[in-house]
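So you can see what is in the structure, the chains are spelled out below.
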Amino acid sequence: MNEIGFDNELYLKHQAEGLMQRAKAFDNKLYLEFGGKLMYDYHAARVLPGYDPNVKLRLLRALGDKAEIILCVYAEDIERKKMRADFGISYDDDALKLIDSLRSWEIHVCAVVITRFEGQPAALQFRNKLEARGIPVKLHRAVPGYPSNLDLVVSKDGYGANDYVETTRPIVVVTGPGPGSGKLATCLTMLYHDRMRGKAAGYAKFETFPVWDLPLKHPVNLAYEAATADLGDINMIDPFHLEAYQQISVNYNRDVDAFPLLREIWTRLDASGTCPYKSPTDMGVNCIAKGIVNEEVCIAAARQEVIRRYFRYLSDAVAKGSSDKRPVEIMQSLMQQMGLTPEDRPTVLPARQAAHEASERHTLEGVSCGVAMSLPDGTIVMGKNSEQLHAAAATVLNAAKHLAKIDHSLHLLAPETVHSVMHMKRGILKGKYGSLNLDETLVALAICAANDANAKAALEQLVHLRDCEMHLSHMLTPGDEAGLRRLGIRATNDPLFATAELFVDS
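As the structure is a prediction and not an experimental result, all values here were calculated from the model. (Residues numbered from 1 in each chain as written. Predicted model: local features only at pLDDT ≥ 70, side-chain atom pairs only at ≥ 80, totals over all residues. Heavy atoms only, no water.)

Quick word on the overall build of the chain
Worth spelling out the cut-off: Only DSSP runs of H or I with at least four residues qualify as helices, and only runs of E with at least two residues qualify as strands; both kinds are numbered from the N terminus onward. Two things to know: the radius of gyration comes from C-alpha atoms, and the globule rule equals 2.2 Å times the number of residues to the power 0.38. Each residue's exposure class comes from its accessible area (1.4 Å probe, protein chains only) as a fraction of the maximum for that residue type: buried when under 20%, exposed when over 50%, partly exposed otherwise. Two residues form a contact once any of their heavy atoms are found within 4.5 Å. When charges are counted, neither His nor the chain ends are considered; positive counts come from Lys and Arg and negative counts from Asp and Glu. Working definition for charges: the position is that of NZ of Lys, CZ of Arg, CG of Asp or CD of Glu.
In terms of regular secondary structure, the chain is built from 20 helices and 14 strands. The C-alpha radius of gyration of the chain comes to 25 Å, within 12% of the 23 Å expected for a compact globule of 506 residues. Reported as C-alpha extents along the three principal axes, the dimensions of the chain are approximately 80 × 50 × 45 Å. Counting over 506 residues, the chain shows a buried share of 54%. Taking all contacts inside the chain whose residues are at least 6 apart in sequence as the whole, residues at least 24 apart take part in 69%. The average position of the 57 basic charges and that of the 64 acidic charges among the side chains of the chain differ by 3 Å.

What follows is the structure, encoded as structure tokens:
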């Protein structure tokens, strides 16, 4: 059974108190920039075992009528259909999904702000779609003069030229589907407008990582560096905090670099000509460390997350043919710092062994592939590709058999069902490959469960595969990736193609 390292209730207690105290310090009007993911924060859940991926939603719901949301989406992300990797959907679709989820949690979304708008047609279409559903949309253009001409930035022709969002609650959470959404500029725009209206509103930042009150080289903080290796984020000691208080705290390069500019903007906004914050750490209001109840469990989880990220960047570089080697080089450096090797992931060597065993027999489709998955009871199950099934599909079925205590020699899928799907793929749809990927296998299992007790028992065990660890000796096909995402399995893979074909569609 997986050990717990994080207590959500303890965290919620401290975090809610911290937010309300900060809001009171600014006459009960706080614009809170939410860094990272507002919901489905699976990175935090992987690094802090026990962390509820939606604990931030629980926090906002607990605040009730004291909090509301402004959602920011960068216009160019909409135009170029930027994708969110963990869901496989575009950022604008993710925004729609987020609004639906917030409503289901009874959390009020007061407006969507499309940031750095320059007339992009897709952004206008997105606005029309939202407004047709009754959601207020504001268009913010890039602030002229930023960052060199602050006299212009902090004026009616700078922040003042952007639309104001009417808000009614003490805490206004400003969030977005990903980095670069324009959250900070939106917060500063709102501060400007409120100050022009005589309101002494404030700003604070909510970042889960890096954890300011854990050591700089703590594995949990290094896992954040791994997660943002493609952005080049670097954890560092906050020099402003050290100078002001002679206390060590951890922040990251972008916030530290941006602080002098933000401090200067604040002094221009404030009638007193001063900034209430002496450091980027001061701006933060994050109590995540208060929820850590077993540090050793979190350290072990963070180390595994670094290895997962290493495999992901390595595979991305190979699959996409990227010429940017920095993410892989950063990961190699982190792995070395932490004394880690790829084989420290328990499923790696068994997956490679399964691939080796598969290569010793005749393989009809592609190359020999092996997969290994670690189950909640610690058992590692393996699978290989065959004429009928992808290796990932075979492994999931083997795992379901183990959990349901079904004899391994029994077939969960009726042969006629498998052959029918294979015939459809090859004979009717004229596909090159007939073997079932994981997504197709899950549907076939559900069909067979209607008439087969073993298939039904195995189907009921799939829920227990969520958060299980898997490694593949080859890169995922789209159908396998979709199935693993639905099951919530944490998969990594070696940077090897599963077939000699240049285009794979299943």
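Next comes the rest of the description.
What to know about a nonpolar patch on the surface
Short version of the rule: Patch membership needs two things, relative accessible area over 30% and no salt bridge, and members are linked within 9 Å if like-charged or within 5 Å if nonpolar (Val, Leu, Ile, Met, Phe, Trp, Tyr). The Shrake-Rupley method, run with a 1.4 Å probe, gives the accessible areas here. Residue values count only the displayed protein chains as cover. Salt bridges are defined by distance alone: a side-chain nitrogen of Lys or Arg within 4 Å of a carboxyl oxygen of Asp or Glu.
A contiguous nonpolar surface patch, about 250 Å² in accessible area, is contributed by I4, L10 and V293. Relative to the elements of secondary structure, L10 occurs in helix α1 (residues 8-25).

Regarding the packing of aromatic side chains
Rule in force here: By convention, a stacked pair of Phe, Tyr or Trp rings (six-membered ring in the case of Trp) has centres within 6.5 Å and planes under 30 degrees apart, an edge-to-face pair has planes over 60 apart, and any other such pair is tilted. Lysine NZ or arginine CZ positioned within 6 Å of the ring centre and within 35 degrees of the ring normal marks a charge as sitting over the ring.
For the coordinates displayed, the defined rule picks out 10 aromatic pairs. Ring centres of Y224 and Y252 lie 5.8 Å apart, and the angle between their planes is 70°; on these two criteria the pair is classed as edge-to-face. With Y224 in helix α9 (residues 219-227) and Y252 in strand β10 (residues 250-252), the pair connects residues that are 28 residues apart, well separated along the chain. Relative accessible area serves as the criterion here: at 9%, Y224 is assigned to the buried category. Of the aromatic side chains, those joined through ring pairs into one cluster are F6, Y11 and Y51. One residue, R116, lies across the ring of Y74, its end atom 3.7 Å from the ring centre. Cation over ring: R197 sits above Y164, and NZ or CZ is 4.0 Å from the ring centre.

What to know about the packing of α1 against helix α3 (residues 55-63)
So the rule is basically this: Note on definitions: angles span 0 to 180 degrees between N-to-C directions of axes, and those axes are lines fitted to C-alpha atoms, for helices only across the stretch in contact. In these notes the angle categories are as follows: under 35 degrees is roughly parallel, over 145 is roughly antiparallel, 65 to 115 is roughly perpendicular, and the rest is oblique. Crossings are sorted by hand: turned counterclockwise from the far helix by less than a right angle, the near helix makes the crossing left-handed, and turned clockwise it makes it right-handed.
For the pair α1 and α3, interaxial distance at closest approach is 10 Å and the crossing angle is 50°. Judged by the angle between their axes, α1 and α3 are oblique. Here the hand of the crossing between α1 and α3 comes out right-handed. Counted together, N8, E9, Y11, L12, Q15, A16, L19 and M20 of α1 and V55, R58, L59 and L63 of α3 form the full contact between these two elements.

What about helix α6 (residues 121-132)?
Residues spaced three or four apart along an α-helix point in a common direction, a consequence of the helix completing one turn every 3.6 residues. Inclusion rule: Every helix has an expected span of 1.5 Å times one less than the residues it contains. In this description, one arc is meant: the one made by directions from the helix axis to the C-beta atoms.
For α6, spanning 12 residues, the distance from its first C-alpha to its last is 17 Å, which sits close to the expected 16 Å at 1.5 Å a residue. Listed in full, the buried residues belonging to α6 are A123, F126 and L130. One side of α6 holds all its buried residues, which, seen down the axis, span an arc of 60°. Seen from the open side of α6, the exposed residues pointing more than 90 degrees away from its buried face are P121, Q125 and A132.

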